[in-house]
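# Understanding the architecture of this molecule
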Amino acid sequence: MKIVIADDHAVVRTGFSMLINYQKDMEVIGTAADGRQAFDKVKALEPDVLLMDLSMPPGESGLFAASRINDAFPEVKILILTMYDDEEYIVHTFKSGAKGYILKNSPDDELIRAIRKVHGGDRYVDPVLMDENIERLLNNEVMPEQLGEPFSVLTRRELEILPLIAKGYGNKDIAEMLFVSVKTVEAHKSRIMEKLELSNRPELVEYAMKKKLIDF
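Per an unreviewed UniProt entry, the recorded name for the protein is Response regulator transcription factor, and the organism is Salinicoccus cyprini.

Have a look at this one:
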């Protein structure tokens, strides 16, 4: 099983690499410090599993990176690694195309179990986060967009665009990044503001920072 680790802390990458390489059927074939590097590593190395932190510099959400990687390389199973235990992040993990969600403070054997689960094609959520809603989600009894507060009803594309707007990119810049028209970006922006009940960019920036979608 070939694995790439994406985390902005070198000590985390080293520690998890040692743990994973200790397994007879697993090998870390590459590491990355941010979402862009993760995309490049996946493209070059073709791993089976990508273990990726939720929040990485330069402010690009791990969910945003996961969405781009899943679109380009759907055969790669993505396991999100995080400190955040909010249900809405779990919901968006699956909406981004990732297969699993595990806390950074989970026991070593649980991380290995999570990697095996997502590699096998199953969804995985850290056991300490399981509740009725998440269990229904894992059992495909409910769709991600049916759970949670307004943040959870954003589409994958809206979730990609929101942090870019908050970071100050213009509509033309975002359109070029996502290969869509300026009018499409403007339409998504309007829907985001409406769904989140926001009236201006400062409110959107504050919201994005609160939800850990960007870091300054």
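## Description of unusual backbone geometry
Apart from glycine, the bulk of residues carry a negative phi angle, and the bulk of peptide bonds sit in the trans form. Unlike most non-glycine residues, E46 shows phi in positive territory, near 50°. On the secondary structure map, E46 appears in the loop between α2 (35-45) and β3 (49-53). Residue class for E46 comes out exposed when judged on its relative accessible area of 56%.

## Details of the pairing of strand β5 (residues 100-103)
Neither face of β5 is open: one carries G100 and I102, the other Y101 and L103, and all of them are buried. Direction of pairing for strand β4 (residues 77-82) relative to β5: parallel, over a ladder of four bridges. Each bridged residue has a counterpart across the sheet, and for T82 the counterpart in β5 is L103. At this point the chain moves from β4, through helix α4 (residues 87-95), to the parallel β5, and the crossover so formed is right-handed. In the sheet, β5 pairs with strand β6 (residues 124-125) via two bridges, with the strands oriented parallel. Counted as the bridge partner of Y101 is V125 from β6. Handedness of the crossover is the feature at issue here: the chain leaves β5, passes through helix α5 (residues 108-119), returns alongside β6, and the resulting connection is left-handed.

Each value, and the rule that gives it
- Residues numbered from 1 in each chain as written.
- Predicted model: local features only at pLDDT ≥ 70, side-chain atom pairs only at ≥ 80, totals over all residues.
- Heavy atoms only, no water.
- Helix = DSSP H or I, 4+ residues; strand = E, 2+ residues; numbered from the N terminus.
- Buried < 20%, exposed > 50% of the residue type's maximum accessible area, 1.4 Å probe, protein only.
- Pairing = 2+ DSSP bridges.
- Right-handed = clockwise from strand over helix to strand, strands pointing away.

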